[in-house]
Amino acid sequence: MLLSLNWLRDYLAKSDIKIDPKDLADKLTMRGIHVAAIKRPSFSLENVVVGRIEKIEKHPNADRLQVTKVITKAGENVEPIQIVCGAKNIAEGDIVPIALPGSILPGDFHIKHSTIRGVESFGMICSGKELGISEDSEGILQLPKHSGIGQPLTSLLGGGTQDTVFEFELTPNRNDCLSVMGLAREIAPVLKTKLREQKPAKFKITPHRTSSIIKVEVEDQNVCPRYVARVIDGLKVQESPDWIKQRLEAVGIRPINNIVDITNFVMIEYGQPLHAFDLRKIQSGTIKVATCKAPTDFTLLSGESIGLETGDILIQDGDRPIALAGIMGGENSSIAADTTSIVLESAAFVPTQIRRTAKRLALHTESSKRFEKGYDLAVVAAASERAASLLRDSMNANVYHPPIDTNEFGAKEAVISIDMRDVRKITGLKEISAETASELLDSIDIPSHKKSVNILSVRLPTHRQDLKGNVDLIEEVARLAGYDSIPEHLPTSLATYERLDESHFDFEFKAKTLCCSMGLRETIHYSFVSESLLKNFGCAHDQMVSLKNPLSDEMKVLRTSLLPSLLQTYSYNLNRKVKHQRLFEAAKTFTWDTKEETQVKETPYLAGLLSGNLSGSGWKDKPIQLDFYHVKGLVEALVRQLTSVKLAFEATKNTTLFHPNRSATIKLGLKEIGSLGEVHPIIRDSVLETDEPVLLFELNLEALKKYERTTTRYKTPSKFPAIEIDLAFVVEKTVSCHAVLENMKNTGGELLTDVSVFDVYEGESIGPSKKSMAFHLTFQSLDRTLQDNEIQELKNRILTQLKEKHGAELRA
Amino acid sequence: MIEQINQIRAEAHSQIFSAPDPEALDRLRVHYIGKKGILTGLLHQLKDLTPDKRREVGAVLNDVKTHLEQDLKQRQTELKRVVLDKELAASAPLDVTLPGSYAINTGSLHPISRVMNDVVQILKRIGFSVVTGPEVELEFYNFEALNTPENHPARDMQDTFYINPPVLLRSHTSPVQIRAMKDKNPPIQVIAPGKVYRSDYDLTHTPMFHQIEGLMVDEHLSLADLKGVLNYLIKNLFGSRSLRFRPSFFPFTEPSAEVDMQCIQCKGSGKDCRLCKATGWLEIGGCGMVHPNVFKAVGYDSEKYSGFAFGMGIERIAMLKYGIDDLRSFFENDVRMLEQF
């Protein structure tokens, strides 16, 4: 919503009151009427003058540019200046605004003498938008032909009076402020003045009443609670008077003709959209407000053809639609150059349907913007009178009085009581009295009277449809008293609150910190990706969840795995020559699951990607290429810190993403909780287009959270000496390290306190199908020093068992 | 005999400390305490003495032997030191300016995570507990229970991604309030951090971003408590900065306010400041007293209880805190950006 302060003054009791725009804007903002910007249409336009284009030639070096010669001074034999211009709507002889070097246009745009593509330019020919005086940036602003060449542009704009325009960012509850009147109501008390009394327009009752010309039928009062129609004739379509045009232009509305301009003027003034039909085109003599019963096509006055759907509110000439109610009129009933008689419509329509229709058609007009937020039944009639009187007074038109009004007693004011104890409780304004509250409300035309010390009876004016219950008035009082006046303190009763079960947040944060400590950088990706990304990396499946209204195909499918995004980021960084990438992300994955309330199962995951060397590009140590076991070590360390469980790793089968021989499924008991390994060589070559191995891991954090390590049981270290022995075996390659270890642990019992593998060897000397594994065993007892023969015996049992179960031969 | 022993000791002591090199020292060791050394020889003679004398002399002998061993060790160290000093003096020091080679790769938390955690930790200190909710939500929690029925103009404030009505991607963290209140009776004091989604993508909007939501309900809470909590948060997050509370509108709170923080760049003067668009203030969140209709939706008694809620965008805070000027850079995951945190 734009407000011209000059326009505002018409509604203030003291219209010449001094206004400091910045101060007023700040105060309004602090009252919840947010001023987003202050525009001064003719501000700093000192070096902008009226000029005449003498000559236009093509720019020698640029197709889209033209070189003009422009006269910018009054008098005979004036030397034209050269200006390069990109606009298309100019012709020789045009009168246009010229910003000479030294002028400063809105947006702190300094005009200087410059050379554009090799041609000198001594200023700029301006559009209305560049000058900040209209929203129209389409082309150069065309000035009236008779304007004096060389005079400052400001003298042309409202005779030098400087207007200021406020741009408001209003909250959706304050539709009353979508009008000069509504804003004046809020502004008057800030400026310590009152609203000017508006004299109701007086009309003579004419022999031909509106009802003797046309009829109005409203199909359903719930859809159209009030409809006021007035016939006006004796009109002549022409330009509006300057003062109307200036006001409209100041708030960004393009003047069209006197009839349309006046309906727009009253809409901005009162917040009530109006519409004018050409009376000739109401052939049936009956205006009918009805909802659309069957889909049909309709052409708007803008020329655009739309599809009407059942439920859309229509204004009909009999059964023929002539307007999309509250949004835009139809081409078939619009004002034409030769229109002399009109039906002026002022009405209220049910906001929800206007919203639905406007949203469906993406038709957000000044009218629909207002209607979809609500209406004031009282102003429906007032606006009609105002427009009629403006038409009558400005062009001597004949107003058929009285009008047709489908709901003359429509506007009712409700009365509610508020308890000051509630006001004090909610606002924290402990001292506020009923008198103060009453004064505050009264200042913005909300009348009230005190019923008792603490009870205030408040009449809710029709223009404040947002006020319904007590809490709405509590907010009004707080807002008008000023939030600044509310004290502040921390809540006092904190200690009594029990802590709720800690959520996933802490566990996830712990996992993230651990990843960082292991050298990984956290990334955050969008939760939605393209289906092809998931497909490329083998993560697409039939349980994928898609958005119904995605922004694009790139952001359509909710992630089934975090790995594709990490791989995409890997490529992004690789293209920027980032080596040795180490990335992770903690986020949710999504799949269909009918067991869930939303039908979608969300699972928090932790995923990582590693590439390059273990030790980076060190100068000292030999680089070690990262491999499967590095990632596995990382995953093991992570899980060891986070939980009290041991993971199992099984070779992965049938995977598209992972290398078939260098990847594993991570299991917790029987449940798969993740995977890790090297990216499949085919993906590496053809999708990632890199020749280094890329390693990945992904872990289900929800599953791990169940085994979160919350506490630790301390074990006293043994006071007795430990005995360490090394054993090396030759086994078939198919025998897993895990199997051998488990076997040794079972046989060794509690005296075998630690066993670890320290060497693995494959080679011709032991046979092509064999491998050798060397283990380091530690024996220790908590209650005695172990004897050599005990160890010997245990060792023998271990050897026997291994040989029996896994055919392991002790290596000499 | 004891006299003899003491004489040997004195003699040995001086010889040991004048030994010129390790070899000479070793000869002295053999000479005095070796298998055939003087002291060993004397030890063998003990058996000829009376038991009393034997004990007396034996003790002295042992004592002398211990002392000589200590002397030998001490001299040995001294001699080694001489050799080592020569060697060290002869060799060049390391180039200590070469980069360290331990743990070259250090990781980093994403700026969003850092800020989110900062906010969580600050609010935990004043009694808030963390709760989380689903990102895929039902219209009921995202809108209806938050006093935003269908066709409410406020639904336009947020363009929502739908999976399949009424299932959507939550457009704010406020639905977690509803879930928390449905879970637990008052008093309640929770924060809900997380991802939210809106169908908007331009310079200042990304279709996914992060919010943190706070909710407190008890018997005597007012706007004054809300102001206190938010001031505490911002002071701890940004240092001493003044806040202003500007009346606003949210369907689920009333009275409602926008929270503005004094601009961190121009310190509130607004002069030529691009960051705050010359207003001197930066919007950092929305808040208000819980609307009675919200209490009604979760079955709380709005006569007895009052409460406040607040929400803020984490990206916004991170941009201000770290001077990041492009919102979209948070989700590009350029390592050159990530490694700065």
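For the structure given in this document, a descriptive report is provided here. Just so it is clear, the structure is predicted and the values come from calculations on it, not from any experiment. Throughout, residues of each chain are indexed from 1 in the direction in which the sequence is written. Each chain is given a letter, starting from A, and each ligand a number, starting from 1, according to the order in which they appear as written. Since the coordinates come from a predicted model, pLDDT governs what is reported: local features require at least 70, and pairs of side-chain atoms require 80 or more to be given and counted, while whole-chain, interface and lining totals use all residues. Note that water and hydrogens are dropped before the side-chain values are worked out from all heavy atoms of the structure.

### Quick word on the overall build of chain A
Thinking step 1. A tally of regular secondary structure across chain A gives 20 helices and 40 strands.
Thinking step 2. Over its C-alpha atoms chain A spans a radius of gyration of 40 Å, topping by over 25% the 28 Å that the globule rule assigns to 812 residues.
Thinking step 3. Projected onto the principal axes, the alpha-carbon positions of chain A cover approximately 130 × 80 × 55 Å.
Thinking step 4. When each of the 812 residues of chain A is scored for burial, the buried share is 52%.
Thinking step 5. Working definition of accessibility: Shrake-Rupley area with a 1.4 Å probe, residue cover restricted to the visible protein chains. When the accessible surface of chain A is split by element, carbon and sulfur atoms take 50% of a total near 39,000 Å².
Thinking step 6. For this count, His and the chain ends are skipped, Lys and Arg are scored as positive, and Asp and Glu as negative. Here the site of a charge means atom NZ of a Lys, CZ of an Arg, CG of an Asp or CD of a Glu. Charge-centre separation for chain A: the mean point of 101 positive side chains lies 1 Å from the mean point of 108 negative side chains. Here a helix means four or more residues in a row that DSSP labels H or I, a strand means two or more in a row labelled E, and each is numbered from the N terminus. C-alpha atoms define the radius of gyration, and 2.2 Å times the number of residues to the power 0.38 defines the globule rule. Accessibility here uses a 1.4 Å probe with only protein chains present; expressed as a share of the type maximum, an area under 20% marks a residue as buried, one over 50% as exposed, and anything in between as partly exposed.

### A word on the pairing of strand S3 (residues 48-58) of chain A
All names here are of chain A.
Thinking step 1. Any two strands with at least two DSSP bridges between them are considered paired. Of the strand pairs in this sheet, S3 and strand S6 (residues 95-99) are connected by 5 bridges, and their pairing is antiparallel. In the sheet register, Arg52 faces S6, and the bridge partner there is Ile95.
Thinking step 2. Note: S3 against strand S4 (residues 66-71), 6 bridges, orientation antiparallel. Counterpart to Ile56 in the pairing with S4 is Thr68.

### What about the interface of chain B and chain A?
Thinking step 1. Taken together, the contact pairs 101 residues of chain B with 90 residues of chain A.
Thinking step 2. Buried area is understood as the total, over both parts, of accessible area removed when two parts are fitted together, assessed with a 1.4 Å probe. Regarding the contact of chain B and chain A, the summed buried area is about 8,000 Å², with carbon and sulfur atoms giving 59% of it.
Thinking step 3. Any carboxyl oxygen of Asp or Glu that lies within 4 Å of a side-chain nitrogen of Lys or Arg is treated as forming a salt bridge with it. Taken together, the connections running from chain B to chain A amount to 3 salt bridges.
Thinking step 4. Whenever two N or O atoms come within 3.5 Å, that pair is a polar contact, provided that in protein one can donate a hydrogen and the other can accept it, and provided that, for residues adjacent in sequence, both atoms are side-chain atoms. For the interface between chain B and chain A, the tally reads 31 residue pairs in polar contact (both at pLDDT 80 or more).
Thinking step 5. The greatest single-element share of the side of chain B that touches chain A, amounting to 8 residues, is contributed by helix H8 (residues 223-238) of chain B.
Thinking step 6. Here the term charged refers only to Asp, Glu, Lys and Arg, the term nonpolar to Ala, Val, Leu, Ile, Met, Phe, Trp, Tyr, Cys and Pro, and the term polar to all other amino acids, Gly among them. Of the residues that constitute the side of chain B that touches chain A, the class distribution is 51 nonpolar, 28 polar and 22 charged. The criterion used for residue contact is that any of the two residues' heavy atoms lie within 4.5 Å.

### Thoughts on the environment of Asp220(A)
All names here are of chain A.
Thinking step 1. Secondary-structure assignment places Asp220 in the loop between strand S13 (215-218) and strand S14 (226-233).
Thinking step 2. Once the C-alpha coordinates of Asp220 and Leu551 are considered, the two residues, 331 residues apart in sequence, prove to be 39 Å apart.
Thinking step 3. Within the local environment of Asp220, its side chain forms a polar contact with the backbone nitrogen of Asn222, the two atoms lying 2.8 Å apart.

### Observations concerning the environment of Glu137(B)
Thinking step 1. Locating Glu137(B) in the fold gives a position in strand S2 (residues 136-138).
Thinking step 2. Take Glu137(B): its relative accessible area is 1%, and that puts it in the buried class.
Thinking step 3. Sequence separation of Glu137(B) and Pro166(B) is 29 residues, and the distance between their C-alpha atoms is 8.3 Å.
Thinking step 4. When neighbours within four sequence positions are excluded, Glu137(B) is seen to be in contact with Thr598(A), Pro166(B), Val167(B), Leu168(B), Arg170(B), Pro175(B) and Arg179(B).
Thinking step 5. Polar side-chain contacts of Glu137(B) include one of 2.6 Å to the side chain of Arg179(B).

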